[in-house]
Amino acid sequence: MRGAGWRGLTVVVRLVVREHAAGYCMLGMVVALGAAAVGLGTPQLEPGGEARLALVYGLGATELLVVLAAALLGALSLGTTLRRRRAAALLARPLGRAALLAGHALGALCVAALVALVAGATLLGALLASGHGRALGALVPRVEHLPAEVLVGDREGRPVPAPPAFALQSGENALWRFRGIPPAAGRTAAAWLLQVAPAYAAREGFPGAVEVALAVRMRPAPPPGDPDRGWVHSRHVLWCGRGQPGLLALPMPGAASGHGGETGAGPPHDIEVLLEVRTPDSMLAFELQPPAGQPVGEQGPNSGMVTVRGAERSPAAGLVALGVGRLGAGAVVAALGVLGAAVVREWTAALAALVLAALARFPELVRTFALSVQALGTHAHPEPLASAPAPAWWAVALQRLAEGVAGVLPELGRLDWSGAVLAGRPVALAAVARELAALLPFLGGIAVLAWGAFIRRDVRAA
Amino acid sequence: MDEGAAAIEVEGLHKHFRSGLLRRRVHRALAGVSFRVERGQVVGLIGPNGGGKTTTFGCLLGLLRPSAGRVRLFGECPRRPATRRCLGYLPETSPFPGVLTARQGLEFYGALAGLPRRERRRRAAALLARLGLAAAADRRLAVFSKGMLRRFGLAQALIAAPPLLLLDEPASGLDPLGARELAAVIAEERARGTTVLLASHELAALESLCDAIVLLHQGRVLLEGALPQLLASGSGVRLEVEGLDAPALAALRQWIGAHGGRLTAVEPRRERLGELFLRALERAGAGAQAPVLPARGTEHGA
């Protein structure tokens, strides 16, 4: 921060905070109270479930609010400064344009941090005031063990265990990936048989329903010489089981089977099978662990592979991780807002920042879009055809665009540790720092773009 | 800062703005403006609306990129933030942060100028008193009247005691008392050696304040020079006489005719409305008081 141009940076930050903090913090308080009221007012079977639900809603609302505040403030504060000619009075001082931009982005981020702080304090205060303080200490999942087994048909159609790859995800959805459905040799069609036998063991009752879905993701033949292209395009839920405690005996045996068709021209490739388990009612967070000695990302035995277990709480680290994660997301969005406002009208910029933030938060939406566009450009039928025509140019262009967007945007979802915190799982601050460091190139790129656009721009004096 | 350079040098300044969907429409705001303001001068920038005054100010402040030509403040390019350290600017509108009080606002602009905390507090207090805002020092700028905002604007331009002041319509919205104080402040600054460039439509006020004027019309300099030379009109003189009755006046007319002159106008002396206003206020003792604040909650677009 050397040179005259940067000296006023903190002054601009303080001004933005001073102008906007009160209103947004009030909004944060109202939203947190609303989320707490809805959560606490929804009867739950699990003891302390209301408090848990209030926390789930409250944390979700806080994340939304932080991103919203960062986007709106980043765009509107700079946009208003430019539109009301205030920028002329500021830039007539020894203040650099880059400092003006950075000041607005940092100011927006500071307000977002204050909003998160106020909303979090309000949420905890509401839980304590409503007599749920003790329940906060019991926010641990009850599921102890969740083994599952997926069988696929071999070339002779006999069921054999599919080797799973431990690309584990924690959170409200537990997801297993399987690869290795053997293709029918020399044919363009592959038949498969899938069987799943999930079993659940729960202690002290289970908080709500369990939903199990088995999906197949097929990979049509890739273009010649480019094995990484032309990926998956279809998803079939073959089986879905749902059990309510009291109605269903646990452990619950289950089975599903299905068969597939053609996989496209050329020899069929790996067919991926996804087994998804979630608890939609209670939004219980899973902690997934591969069997002892099984490293994540490698294939291993297909039995008893995942344990969902009760976890220990570490509120301090969890809260730090939550706060830092939300601020990381806020920083990206504030920067997006300021970049936009340096180029276009403030509301356009705010809207664009929000859309990009949503895409960055849920990149799977973009990827799904890319896949569906490819499917749309190829054929309308969900089943792949043996002689699939080449995708239309516009489908290819759209797909490339979507892939490009997904590739450029940082995955803000990786900064959300609320699932881990609710599960009471300790979050390593080193991991938090790593995720934040991964944002730096993106933030740097935005800063350079914004500066490049704004440095040449005329600022009207009157 | 180049010690030998003029305070302001503008050479062949062109500025055009593009508009329209394909940015094909071109509006030429300045078409080769050149002038020079020496250190310590007070110069008026005048001209009809759309003449290019505000655009010239924008280029002087580094807010607008000249399409062609050169602008220098004390020999330096104004687009460099360090150059603007020598600058105090009063914008035509008053876009000051309404959430700040007058005192906080002055400290804010002082901080932007890089003044140490103690110094900016001292200067803020002195300027608030000097411009009649001491009683309103702790009121938010959002509830200030237009005239008070102009006073505040002048104060923020002066907070860093800059050697160059750019004042855009400084008297706009000021009452006669404020206008008189503004004139006094400019005179003080001139005595201190400050260079002042002020754009205004108040030609009468400029006449008494300025050493020179630059008249802009349709983006060009129509007239430029020192006021005494520009306003000199041959050998005519203006006399103001009091206490003459009709016979004495007739005798004076005769005497003038006898000496080859011609009396062109005889009017009874009338007090000007501005003088009457100021005298009435002075009689009421309001000259030393702070301006009257509007009712609380009356927000202005600060």
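This is a predicted model, so every value here is computed, not measured. (Residues numbered from 1 in each chain as written. Chains lettered and ligands numbered in written order. Predicted model: local features only at pLDDT ≥ 70, side-chain atom pairs only at ≥ 80, totals over all residues. Heavy atoms only, no water.)

Q: Summarise the overall build of chain A; cite the residues concerned and give the values.
A: The secondary structure content of chain A amounts to 11 helices and 10 strands. Across the 462 residues in chain A, those meeting the buried criterion constitute 50%. If you sum the accessible surface of chain A, you get close to 20400 Å²; carbon and sulfur atoms cover 64% of it. (Helix = DSSP H or I, 4+ residues; strand = E, 2+ residues; numbered from the N terminus. Buried < 20%, exposed > 50% of the residue type's maximum accessible area, 1.4 Å probe, protein only. Areas by Shrake-Rupley, 256 points an atom, 1.4 Å probe, with all protein chains shown as cover.)

Q: How would you explain the overall build of chain B if you had to name every residue and give the values?
A: When its secondary structure is counted, chain B shows nine helices and nine strands. Taking all 302 residues of chain B together, the buried fraction comes to 43%. For chain B, restricting intrachain contacts to residue pairs at least 6 apart in sequence, the fraction spanning at least 24 positions comes to 71%. (Contact = heavy atoms within 4.5 Å.)

Q: Explain the nonpolar core to me, using residue names and the numbers behind them.
A: Among the nonpolar cores identified, the biggest contains 138 residues, and I8, Y109, L166 and L197 of chain B are the most heavily contacted of them. Considering every element that reaches this core, the biggest residue donor is helix α2 (residues 49-83) of chain A, with 12 residues. Beyond its immediate stretch of four places on either side in the chain, L166 of chain B contacts I8, F57, L60, L61, L87, G88, Y89, L90 and L197 of chain B. One finds A32, A51, A119 and L127 of chain A within the second-largest nonpolar core, a separate group that totals nine residues. (Core = buried A, V, L, I, M, F, W, Y, C linked by side-chain atoms within 4.5 Å.)

Q: I'd like a rundown of the sheet that holds strand β7 (residues 195-199) of chain B, residues and numbers included.
A: Residue and element names in this part refer to chain B. Reading across from one edge, β5-β6-β7-β3-β8-β9 is the order of the six strands in this open sheet, with mixed pairing throughout. Looking at strand neighbours, the two that pair on one side only are β5 (87-90) and β9 (220-226), the edges of this open sheet. Put simply, the sheet's adjacent strands are angled 15° from each other on average, direction ignored. (Pairing = 2+ DSSP bridges. Axes fitted to C-alpha atoms, helices over the stretch in contact; angles between N-to-C directions.)

Q: How would you summarise the environment of D458 of chain A if you had to cite specific residues and measurements?
A: Looking at where D458 of chain A falls in the secondary structure, it is placed in the segment after α11 (429-455). Under the relative-accessibility criterion, D458 of chain A is labelled partly exposed at 22%. Not counting residues within four places of it along the chain, the set of residues in contact with D458 of chain A comprises K15, F17, L63, L64 and R65 of chain B. There is a polar contact of 2.6 Å between the side chain of D458 of chain A and the side chain of K15 of chain B. For D458 of chain A, the side chain forms a polar contact with the main-chain nitrogen of R65 of chain B, separated by 2.9 Å. (Polar contact = N/O pair within 3.5 Å; in protein donor to acceptor, adjacent residues only side chain to side chain.)

Q: Lay out the sheet that holds strand β2 (residues 25-37) of chain B with the relevant residues and their values.
A: Think of a sheet as strands paired side by side through backbone hydrogen bonds, with each pair either parallel or antiparallel. Residues and elements named next belong to chain B. Within the open sheet, the three strands sit side by side as β2-β1-β4. Their pairing is antiparallel. The open sheet is flanked by β2 and β4 (68-73), the only strands paired with a single partner. Strand-to-strand twist of the sheet, defined as the mean angle between neighbouring strand axes without regard to direction, takes the value 30°.

Q: Describe the side chain of E169 of chain B, and please don't skip the residues or the numbers.
A: Here E169 of chain B is to be found in the loop between β6 (164-168) and α5 (176-192). Contacts of E169 of chain B, omitting those with residues within four sequence positions, involve E92, R150, A199, S200 and H201 of chain B.

Q: Summarise the packing of helix α1 (residues 9-40) of chain A against helix α4 (residues 97-129) of chain A; cite the residues concerned and give the values.
A: All names here are of chain A. Where α1 meets α4, the closest approach of the two axes is 6 Å, and the angle between their N-to-C directions is 30°. When the interaxial angle is binned, α1 and α4 end up roughly parallel. In the crossing of α1 with α4, the sense of the turn from one axis to the other is right-handed. By residue class, the composition of the contact of α1 with α4 is 27 nonpolar, six polar and no charged. (Parallel < 35°, antiparallel > 145°, perpendicular 65-115°, else oblique. Left-handed = near helix turned anticlockwise from the far one by under 90°. Nonpolar A, V, L, I, M, F, W, Y, C, P; charged D, E, K, R; others polar.)

Q: Summarise the packing of aromatic side chains; cite the residues concerned and give the values.
A: Residues and elements named next belong to chain B. On inspection of all chains with the given rule, the structure shows five aromatic pairs over all chains. With a centroid separation of 4.9 Å and an interplanar angle of 75°, the aromatic rings of F108 and Y109 are classed as edge-to-face. This pair shows no difference in class: F108 is buried, exactly as Y109 is. An aromatic cluster of three or more residues is present, and its members are F96, F108, Y109 and F152. (Phe/Tyr/Trp six-rings, centres within 6.5 Å; stacked < 30°, edge-to-face > 60°.)

Q: Let's hear about unusual backbone geometry: which residues, and what values?
A: Residue and element names in this part refer to chain B. Although it is not a glycine, A161 sits at a positive phi angle of roughly 45°. Position of A161 among the secondary structure elements: in the loop between α4 (146-158) and β6. Classification of A161 as partly exposed rests on a relative accessible area of 34%. The backbone phi angle of E169 is positive, close to 45°, even though this residue is not glycine. In this structure E169 comes out as buried when scored by relative accessible area, which is 10%.

Q: Which residues make up α4 of chain A, and what values do they have?
A: Taking 1.5 Å of rise per residue, the 33 residues of α4 of chain A would be expected to cover 48 Å, and the 47 Å separating its terminal C-alpha atoms lies within 8% of that figure. Once α4 of chain A ends, the next one or two residues include G131 of chain A, with phi positive near 80°. (Expected span 1.5 Å × (residues − 1).)

Q: Give a description of the packing of α4 of chain A against α11 of chain A that names residues and reports values.
A: All names here are of chain A. It is at 10 Å that the axes of α4 and α11 come closest, and there the two elements cross at 130°. Viewed along their axes, α4 and α11 adopt a mutual orientation that is oblique. Seen from above, α4 lies across α11 with right-handed handedness. Residue-level inspection shows R97, A98, L100 and L101 of α4 in contact with α11, the latter providing A450, W451, F454 and I455. Split into classes, the residues belonging to the contact of α4 with α11 amount to seven nonpolar, no polar and one charged.

In short, geometric facts, not functional conclusions.
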